[in-house]
Amino acid sequence: MTILSGPDCTTMREVRAGVDQLDRELVALLARRFAYMDAAARIKPERGHVRDEARKAEVIANARAEAARLGVPEDVIGALWEQLVEASIAYELAAFDRC
């Protein structure tokens, strides 16, 4: 099935196919993001350096700004990024402990 852009969809089958494809792409992008967490765990000299509240705030602010630029709900993106960053920190801590 050809994946159409959202505005071009005329059936729920087309919408669902697009969402399913996009979800696969998002998971692949998240896998790339978590690979950077592996690298950070390998590079940081101390476990205490994993949590960086200033960097966390910056990442969330950047995501919110991009959401605003694209016209999607900033609050929703901010909440998603809060969860993503916390999950990334937990992942990085576990990766640090494996190194």
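On a predicted model such as this, the values are computed, not experimentally measured, just so you know. (Residues numbered from 1 in each chain as written. Predicted model: local features only at pLDDT ≥ 70, side-chain atom pairs only at ≥ 80, totals over all residues. Heavy atoms only, no water.)

Taking 1.5 Å per residue as the helical rise, helix H2 (residues 53–70) with its 18 residues ought to reach 26 Å, and the 26 Å between its terminal C-alpha atoms agrees with that figure. Taken together, the buried positions of H2 are Lys56, Val59, Ile60, Ala63 and Ala67. Burial along H2 is one-sided: seen end-on, the buried residues are contained in an arc of 90 degrees. Every exposed residue of H2 that faces more than 90 degrees away from the buried side is listed here: Ala54 and Arg69. With a side-chain oxygen positioned 3.2 Å from the backbone nitrogen of alanine 54, the residue opening H2 is aspartate 52. Remark: glycine 71 follows H2 within two positions and exhibits a positive phi of approximately 75 degrees. (Helix = DSSP H or I, 4+ residues; strand = E, 2+ residues; numbered from the N terminus. Expected span 1.5 Å × (residues − 1). Buried < 20%, exposed > 50% of the residue type's maximum accessible area, 1.4 Å probe, protein only. Arc of directions from axis to C-beta. Polar contact = N/O pair within 3.5 Å; in protein donor to acceptor, adjacent residues only side chain to side chain.)

On to the nonpolar core. Core analysis: the biggest nonpolar cluster contains eight residues, these being Ala41, Val50, Val59, Ile60, Val85, Ile89, Ala95 and Phe96. Broken down by secondary-structure element, the contributors of at least two residues to this core are H2 and helix H3 (74–98). With four residues, the single largest contributor to this core is H3. In this structure phenylalanine 96 touches Ala41, Lys44, Pro45, Glu46, Arg47 and Val50, once residues within four positions along its chain are discounted. (Core = buried A, V, L, I, M, F, W, Y, C linked by side-chain atoms within 4.5 Å. Contact = heavy atoms within 4.5 Å.)

Using the criterion set out here, one finds eleven salt bridges in the structure. Between lysine 44 and glutamate 92 there is a salt bridge, and its shortest N-O distance comes to 2.9 Å. You can see lysine 44 sitting in the loop between helix H1 (12–43) and H2 and its partner glutamate 92 sitting in helix H3, a full 48 residues away along the chain. Owing to a relative accessible area of 25%, lysine 44 belongs among the partly exposed residues under this scheme. Classification of glutamate 92 by relative accessible area gives buried; the value is 4%. For glutamate 58, the salt bridge is made with arginine 55, and the minimal N-O distance between the two is 3.3 Å. Here arginine 55 and glutamate 58 lie together in helix H2, a separation of three residues that amounts to about one turn. Owing to a relative accessible area of 43%, arginine 55 belongs among the partly exposed residues under this scheme. Sharing partners across several salt bridges, the network here consists of Arg51, Glu53, Lys56, Glu82 and Glu86. (Salt bridge = Lys/Arg side-chain N within 4 Å of Asp/Glu carboxyl O.)

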